[in-house]
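Remarks on the overall topology
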Amino acid sequence: MPHKTAFITGITGQDGSYLAELLLSKGYEVHGLVRRASTFNTHRIDHIYVDAHEPEARFFLHYGDLADSEMISHVLYNIKPDEIYHLGAQSHVRVSFDTPEYTGNVTAIGTTRILEAIRRSNQKIHFYQASSSEMFGHTRPPQNEDSCFWPRSPYACAKVYAYWMTRNYRDGYNMYTCNGILFNHESPRRGETFVTRKITRGIAAILAGKEKYLYLGNLEAKRDWGYSPEYVECMWQILQQDKPDDYVIGTGETHTVQDFVDASFAYAGLDPEKHVKIDQRYFRPTEVEELLADPSRAEKRLGWKAKIKFPELVKIMVDSDMSASGLKPIGEGYKILDTKFPNRWWSRD
Ligand code: NDP
Ligand code: GDR
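All residue numbers here refer to positions counted from 1 along the written sequence of the relevant chain. For this description, chains carry letters from A and ligands carry numbers from 1, given in the order in which they are written. This being a predicted model, a pLDDT of at least 70 is required before a residue's local features are given, and a value of 80 or more before pairs of side-chain atoms are given or counted; all residues contribute to the totals for chains, interfaces and linings.

**Focus on the overall build of the protein**
The criterion, for reference: Secondary structure elements are defined from DSSP: runs of H or I of at least 4 residues count as helices, runs of E of at least 2 residues count as strands, and each element is numbered from the N terminus. Only the C-alpha atoms count toward the radius of gyration. The rule for a globule is 2.2 Å times the residue count to the power 0.38. Buried residues are those with 20 or more other C-beta atoms within 10 Å of their own C-beta, exposed residues have 12 or fewer, and partly exposed residues lie in between; C-beta atoms are placed from the backbone. C-beta atoms are placed from the backbone for every residue, and two residues are taken to be in contact when these atoms lie within 7 Å.
Check the secondary structure of the protein and you find twelve helices and 13 strands. Compactness check: the protein gives a C-alpha radius of gyration of 20 Å against a globular reference of 20 Å for 349 residues, within 12% of the reference. C-alpha extents for the protein along the principal axes are approximately 60 × 50 × 40 Å. Counting all 349 residues of the protein, 45% fall into the buried class. If you take every contact in the protein between residues at least 6 apart in sequence, the share linking residues at least 24 apart comes to 78%.

**A look at the domain arrangement of the protein**
Here is the rule we go by: Boundary definitions for the domains trace back to an automatic or database domain assignment. Polar here means any residue other than Ala, Val, Leu, Ile, Met, Phe, Trp, Tyr, Cys and Pro, which are nonpolar, and Asp, Glu, Lys and Arg, which are charged; Gly is therefore polar.
Split by domain assignment, the protein resolves into domain 1 (5-186 + 226-249) and domain 2 (195-223 + 253-292 + 308-348). Placing a centre on the C-alpha atoms of domain 1 and another on those of domain 2 gives a separation of 26 Å. Listed by partner, the interface residues are 25 residues for domain 1 and 20 residues for domain 2. Listed by contribution, the elements that provide at least two residues to the side of domain 1 that touches domain 2 are helix 1 (14-25), helix 3 (93-98), strand 10 (226-227) and helix 7 (228-238). Its residues assigned to classes, the side of domain 1 that touches domain 2 comprises eleven nonpolar, eight polar and six charged.

**Topic: the site of ligand 2**
Cut-off, in case you're wondering: All residues are tested the same way: a C-beta atom is placed from the backbone, and lying within 6 Å of a molecule or strand makes the residue near it.
Taken together, 21 residues sit near ligand 2, with V93, S132, V195, G217 and A221 positioned nearest. Broken down by secondary-structure element, the contributors of at least two residues to the shell around ligand 2 are helix 3 and helix 6 (195-207). Partitioning the shell around ligand 2 into residue classes produces eight nonpolar, seven polar and six charged. Each of domain 1 (5-186 + 226-249) and domain 2 (195-223 + 253-292 + 308-348) accounts for three or more of the residues forming the shell around ligand 2.

**Points about the packing of helix 1 against helix 7**
Condition: Axis lines are fitted to C-alpha atoms, over the contacting stretch for helices. Their N-to-C directions set the angle, which ranges from 0 to 180 degrees. Take the far helix as the reference: if the near one is turned anticlockwise from it by less than a right angle, the crossing is left-handed, and if turned clockwise, right-handed.
Two numbers describe how helix 1 lies on helix 7: the axes approach to 9 Å, and their chain directions differ by 60°. Crossing geometry of helix 1 relative to helix 7 is assigned as right-handed. On the side of helix 1, the interface is formed by Q14, D15, Y18, L19, L22 and L23, while helix 7 contributes S228, P229, Y231, V232, E233, M235 and W236. In the contact of helix 1 with helix 7, the residues fall into nine nonpolar, two polar and two charged.

**Quick notes on the site of ligand 1**
Ligand 1 sits among 26 residues. The nearest are G10, G13, A89, S91 and A130. Broken down by secondary-structure element, the contributors of at least two residues to the shell around ligand 1 are helix 1 and strand 5 (126-132). In terms of residue count, the dominant contributor to the shell around ligand 1 is helix 1 (three residues). Looking at the shell around ligand 1, its residues break down into nine nonpolar, 14 polar and three charged.

And the structure:
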């Protein structure tokens, strides 16, 4: 069987790195879009990189930016992908209030740039759009594929636009374009300023004696938190179906930020009362109060169900950040959760 070729935007991010591992393990040739930076931004994928001169190389990186449509067309023309996973975005909700125009350009119009490049080159390409539960915003939980969108941030507005462009290219041009509407998913590779990772890194810093306090914003917000390596499996499954469609992906459970604080501090043997302080700067002008997925379509059609739930996720992340800080992890449970590159996975995170 000839191998398939995939193109991933956002390959240097949390999900992109796990997805690249997954696709390589399935025999794909994998290409990724990387932004040029003055510092290295490839630490999440360095362990799977093989020099392009090696005959067995199946993993290739291309410099570019979602703001640059010419470059996107050029890459698609050259690599001729079967599947595109569009994960690249200005993905931080709080930051989107500071950079609304930039977020629109990259997170919203970036999707149009890719859809147009596909439409003009090869409409048979299977396209995955990284849509978000943030699109539901103020809509009452539980949220599924039929729930209304009520975006509450520039980021969410940009994702709603990208969602509808993805659907319109499917309806208008008969293209294979899908939205995965993913609820929050985390891992040891989660960006350090998202709340779960900020908490688990904070705990490790407190235990290591480097910090005394952890400053957070709204502890009342509720999120449906899952585990990223499981969610990238779902992205792949979505693009293997006979017909393109949109899918809500989540665990079907919700917890407050306070719950995450309490569970992770308790696991680490710390008292949050002594270390957590509230700082107004981390509050948002408009907040999403409660997200809770109803993933029944994905369960029925894809046979997908989240296995890692809140308590395991907390342990995995606390242990990982303790290990990264040179501390002995509390549990060993994370070892069964290795991805396809077990030895490297742990040391890199
Ligand atoms: P990350 O923030 O970890 O990764 C974002 C990726 O996008 C990085 O590779 C980043 O590159 C890249 N990127 C940002 N701006 C540009 C640009 N202008 N041009 C090219 N690339 C760019 O996100 P996640 O991995 O957590 O999420 C993946 C996608 O899924 C995102 O679109 C996110 O909005 C969406 N999503 C995430 C959820 C989650 O809970 N994680 C839930 C629902 C949706 P660099 O490394 O250089 O910064
Ligand atoms: P979110 O994730 O906004 O849901 O978007 P984040 O972890 O940033 O916030 C979750 C909730 O925690 C509250 N919070 C804080 N958040 C941050 N970042 N820092 C803090 O100090 C803090 N204190 C409290 C927030 O107010 C919020 O209610 C993530 C991103 O990955 C998006 O790209 C993705 O689309 C959605 O998840 C689904």
